[in-house]
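Breakdown of the fold
Read off the chains here:
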Amino acid sequence: MPYIRQINEDEAEGKLKEYYDSLIKSRGKLSNIMKIHSLNPGSMMAHMDLYLKIMFGKTALKRYENELIAVVVSAVNKCDYCMKHHGEALNFYWKNRERINLVTTNYKSAELSERELKMVEHAIKLTKEPFNVDEKDVQELRDSGLTDDEILSVNLVVSYFNFVNRIALGLGVEFSEEEIKGYKY
């Protein structure tokens, strides 16, 4: 059970019902991370708008790269909710659960490309030690072939998942095997 009260789909009225219906139509179903916002529907829609722009909008990164970063940040933060959800999304692209498990436990053995490895290492440092990230770190990303547009996208995905991990962990957002499957990617 989440740590705060939330309004379920069958109890939703007015704007909240409209928002729930919109999310189900666009994403295939309603996630628990959205439902936790039910007491403040405006924050739910702002959160979803941010998520869609960063993860699905015009971005310099490939979709699977966004999901890879999401899984890594969530693993560092020990956010099982996001790790499972975005592991499922990453598996949509990779079709290799063993490799995804390696990303969460020992990323150096996950056979990542140099580009992926640099993104992952940057995501880990920005998550664990944001105060130690400097221009040298950004130059290392450039040296591995990332453009400034791509570096911005990496930073946005890392920052977003640090934000959402804290929502999930701070409010006890739970998942089930059924809840993590069936979304539109």
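The structure under discussion appears in the preceding block.
Now for a look at the structure at hand.

**Considerations on the packing of aromatic side chains**
Counted according to the given criterion, the structure contains 7 aromatic pairs. For the pair tyrosine 51 and phenylalanine 56, a centre-to-centre distance of 5.7 Å together with 70° between the ring planes defines the contact as edge-to-face. By relative accessible area, which is 26% here, phenylalanine 56 ends up partly exposed. Aromatic side chains tyrosine 81 and phenylalanine 175 sit 6.4 Å apart centroid to centroid with 65° between the ring planes, which places their arrangement in the edge-to-face category. Residue tyrosine 81 is located in helix α5 (residues 80-94), and its partner phenylalanine 175 is located in the segment after α9 (148-171); the two are separated by 94 residues in the primary sequence.

**Regarding a nonpolar patch on the surface**
On the surface, Tyr3, Ile4 and Leu39 cluster together into a nonpolar patch covering about 310 Å² of accessible area. Among the residues examined, tyrosine 3 registers a relative accessible area of 59% and is labelled exposed.

**Structural notes on helix α7 (residues 114-128)**
Along its 15 residues, α7 runs 21 Å from first to last C-alpha, staying within 8% of the 21 Å computed at 1.5 Å per residue. When α7 is considered as a whole, its buried residues turn out to be Arg115, Glu116, Met119, Val120, His122, Ala123, Ile124, Leu126 and Thr127. Contacts made by the buried residues of α7 are with α4 (63-76), α6 (97-105), α8 (135-143) and α9.

**A short note on the side chain of glutamate 88**
Structurally, glutamate 88 can be placed in helix α5. Residue glutamate 88 is classed as buried on the basis of its relative accessible area of 15%. A distance of 3.5 Å separates the side chain of glutamate 88 from the side chain of lysine 181, its partner in a polar contact.

**What to know about helix α1 (residues 14-27)**
Residue pairs spaced three or four apart in an α-helix point in one direction, given the helix's 3.6 residues per turn. Helix length check: α1 (14 residues) gives 20 Å between terminal C-alpha atoms against 20 Å at 1.5 Å per residue, within 8%. Once α1 finishes, glycine 28 follows within two positions and takes phi at roughly 100°, a positive value.

**Overview of the state of the cysteines**
Scanning all chains against the criterion turns up 0 disulfides. The thiol of cysteine 79 is not disulfide-bonded; the next cysteine sulfur, from cysteine 82, is found 3.7 Å away. Judged by its relative accessible area of 3%, cysteine 82 falls in the buried class.

**Some thoughts on the nonpolar core**
Grouped together as the largest cluster of nonpolar side chains are 50 residues, with contacts concentrated most on Ile33, Leu68, Ile69, Trp94, Val103, Leu112 and Phe161. Put simply, the parts of the chain that give this core at least two residues each are α1, α2 (32-35), α3 (41-55), α4, α5, α6, α7 and α9. Top contributing element to this core by residue count: α9, with 9 residues. Residue contacts for tryptophan 94: discarding those within four places in its chain leaves Tyr64, Leu68, Arg99, Ile100, Val103 and Leu112.

Rules used throughout
Residues numbered from 1 in each chain as written. Predicted model: local features only at pLDDT ≥ 70, side-chain atom pairs only at ≥ 80, totals over all residues. Heavy atoms only, no water. Phe/Tyr/Trp six-rings, centres within 6.5 Å; stacked < 30°, edge-to-face > 60°. Buried < 20%, exposed > 50% of the residue type's maximum accessible area, 1.4 Å probe, protein only. Helix = DSSP H or I, 4+ residues; strand = E, 2+ residues; numbered from the N terminus. Patch = residues over 30% accessible without salt bridge, like charges linked within 9 Å, V, L, I, M, F, W, Y side chains within 5 Å. Areas by Shrake-Rupley, 256 points an atom, 1.4 Å probe, with all protein chains shown as cover. Salt bridge = Lys/Arg side-chain N within 4 Å of Asp/Glu carboxyl O. Expected span 1.5 Å × (residues − 1). Contact = heavy atoms within 4.5 Å. Polar contact = N/O pair within 3.5 Å; in protein donor to acceptor, adjacent residues only side chain to side chain. Disulfide = S-S within 2.5 Å. Core = buried A, V, L, I, M, F, W, Y, C linked by side-chain atoms within 4.5 Å.

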